[in-house]
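Close look at the chain arrangement
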Amino acid sequence: MSATAGSGESVLISVYIPFIVTAVVAVLAPAMARRLPPRPAAWALACIALVTAVGWAGALALLAFTGVAQIPEIAEEGRWSVAVLQAEDPVSFGVAAGSALVLTAGVVSLVVAAVRQVRHLFWARRECARLPGDLELTVVDDEAPMAFALPGAPGRVVVSRGMLRCLGDVERDALFAHERAHLRGRHHLFQALWRLAAALNPLLRPLATAGGFVLERWADEEAARRVGDRRAVAHAVGRAALASAASRRPVLAANGGSVPQRVRALLGPPPARRRLPFVAGGVLLAVCCASLVNAASDSDQMLDRAQSAHCATHTGTASALSVELHRSDAGRPTR
């Protein structure tokens, strides 16, 4: 097998590995995250979303480039040989064109999602500034049961009187601790990262959904640690869910996943720490990064050979033309 053919097959294999890794983590990560301690699980999901989204976009870009680079006008501007690229032919033109379309759609979706996230952040900061008082906790005179955290500088915890009437003293403390955990952990940044990653790569949407549940579990465990009573936090979650069943406003228990699962987790012992899932996830992400780097390196070498061939062709043409002109001048009679 020639070196050229080996490089083409290497690109063909390496460039698809990020897609495989993304599909694997999209299927396994949400289920595993529900069984792990929520705080490290949230950080793990954030790393997975970031690395796989970049790997997804990078692999699509490499696949798209193999087709775009064979367009004669672009090859002329880049000064590389189309014939060499077509001879190596790591991917078909149809795959390259499809990758370009998927990448373009993903980038457009990412921009739209980024604009929405920025608008939401400015809205939250504006609402924080409008709330009366300077304390972190604000009680609004509203009979609708609601409780939520507004990120800002600083953030605010908003609770309605209707919600407070539904809870006992210890359960109120659990509610306040839950919402303050959202602010201290900057959970809105995790949510923004997952939404942006899912906008770029649709395969990550289940991961973003699982992330919302993990953040609620993180706040639940933080509240249980501060209150010192896991059962009281479980009761607060359940009662808040029942009280807000007829309300569409954001509340403690209605934002982040299945309430029964959260209550069941709080009624049991804290989740045990496990290293194996994190090590396995780290290995998968390392494979994703290494394969993308390898594919990019092979593509760069392929392009260098195409440029060298283009340069040699033009140099040979120029030399032949020079010899032909020299012969013509030599055969011309002198005066």
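Okay, so let's go over this structure. Predicted model only: the values in this text are computed from it and were never measured.

Below, the discussion takes up the overall build of the chain. A count of helical and extended segments in the chain gives 13 helices and three strands. A buried classification covers 42% of the 335 residues belonging to the chain. As displayed, the chain offers around 18100 Å² of accessible surface, 62% of which is attributable to carbon and sulfur atoms.

Scanning the entire structure with this criterion turns up 12 salt bridges. Of the charged contacts in the structure, one is a salt bridge between Glu 127 and Arg 130, with a shortest N-O distance of 3.4 Å. Pair noted here: Glu 127 and Arg 130 are both in helix α6 (residues 93–130), with a separation of three residues, about one helical turn. Using a relative accessible area of 59% as the deciding quantity, one classes Arg 130 as exposed. Across the pair Arg 226 and Glu 222 runs a salt bridge whose closest N-O atoms are separated by 3.2 Å. In this pair, Arg 226 and Glu 222 both sit in helix α10 (residues 205–227), four residues apart, roughly one turn of the helix.

Within strand β3 (residues 156–160), five of the five residues are buried, which leaves it mostly tucked inside the rest of the structure. Note that strand β2 (residues 147–150) and β3 share four bridges and pair antiparallel. The residue of β3 that forms the bridge with Ala 147 is Val 159. Joining the antiparallel neighbours β2 and β3 is a turn of five residues.

Turning next to the packing of helix α9 (residues 187–200) against α10. Across the interface, α9 lies against α10 with an axial gap of 8 Å and an inter-helix angle of 170°. Classified by the interaxial angle, the pair formed by α9 and α10 is roughly antiparallel. Each of His 187, Phe 190, Gln 191, Trp 194 and Ala 198 in α9 lies in contact with α10, whose residues at this interface are Arg 205, Leu 207, Ala 208, Gly 211, Gly 212, Leu 215, Trp 218 and Ala 219. Classifying every residue of the contact of α9 with α10 by side-chain character gives eight nonpolar, four polar and one charged.

Attention now goes to the packing of aromatic side chains. Counted by the stated rule, this structure contains five aromatic pairs. Every member of this aromatic cluster is reached through a ring pair, and the members are Trp 43, Phe 190, Trp 194 and Trp 218. Taking the ring centre of Phe 213 as reference, the NZ or CZ of Arg 34 above it sits at 4.4 Å.

Moving on, we get to the environment of Leu 36. Along the chain, the position of Leu 36 falls in the loop between α2 (17–33) and α3 (38–68). In this structure the C-alpha to C-alpha distance between Leu 36 and Pro 270, which are 234 residues apart in sequence, comes to 9.7 Å.

Read across the open sheet, the three strands follow the order β1-β3-β2; overall the sheet is mixed. Where the open sheet ends on each side, the last strands, each with one partner, are β1 (137–140) and β2. With direction set aside, neighbouring strand axes in the sheet form an average angle of 25°. Here four bridges tie β1 to β3, and the two strands are oriented parallel to one another. Residue pairing in the sheet places Val 139 in a bridge with Val 159 of β3.

As a further point, take the environment of Asp 304. Within the secondary structure, Asp 304 sits in helix α13 (residues 276–331). Residue class for Asp 304 comes out partly exposed when judged on its relative accessible area of 36%. For the pair formed by Asp 304 and Trp 80, sequence separation is 224 residues and the distance between their alpha carbons is 7.9 Å.

The rules behind these values
Residues numbered from 1 in each chain as written. Predicted model: local features only at pLDDT ≥ 70, side-chain atom pairs only at ≥ 80, totals over all residues. Heavy atoms only, no water. Helix = DSSP H or I, 4+ residues; strand = E, 2+ residues; numbered from the N terminus. Buried < 20%, exposed > 50% of the residue type's maximum accessible area, 1.4 Å probe, protein only. Areas by Shrake-Rupley, 256 points an atom, 1.4 Å probe, with all protein chains shown as cover. Salt bridge = Lys/Arg side-chain N within 4 Å of Asp/Glu carboxyl O. Pairing = 2+ DSSP bridges. Axes fitted to C-alpha atoms, helices over the stretch in contact; angles between N-to-C directions. Parallel < 35°, antiparallel > 145°, perpendicular 65-115°, else oblique. Contact = heavy atoms within 4.5 Å. Nonpolar A, V, L, I, M, F, W, Y, C, P; charged D, E, K, R; others polar. Phe/Tyr/Trp six-rings, centres within 6.5 Å; stacked < 30°, edge-to-face > 60°. Lys NZ or Arg CZ within 6 Å of the ring centre and 35° of its normal.

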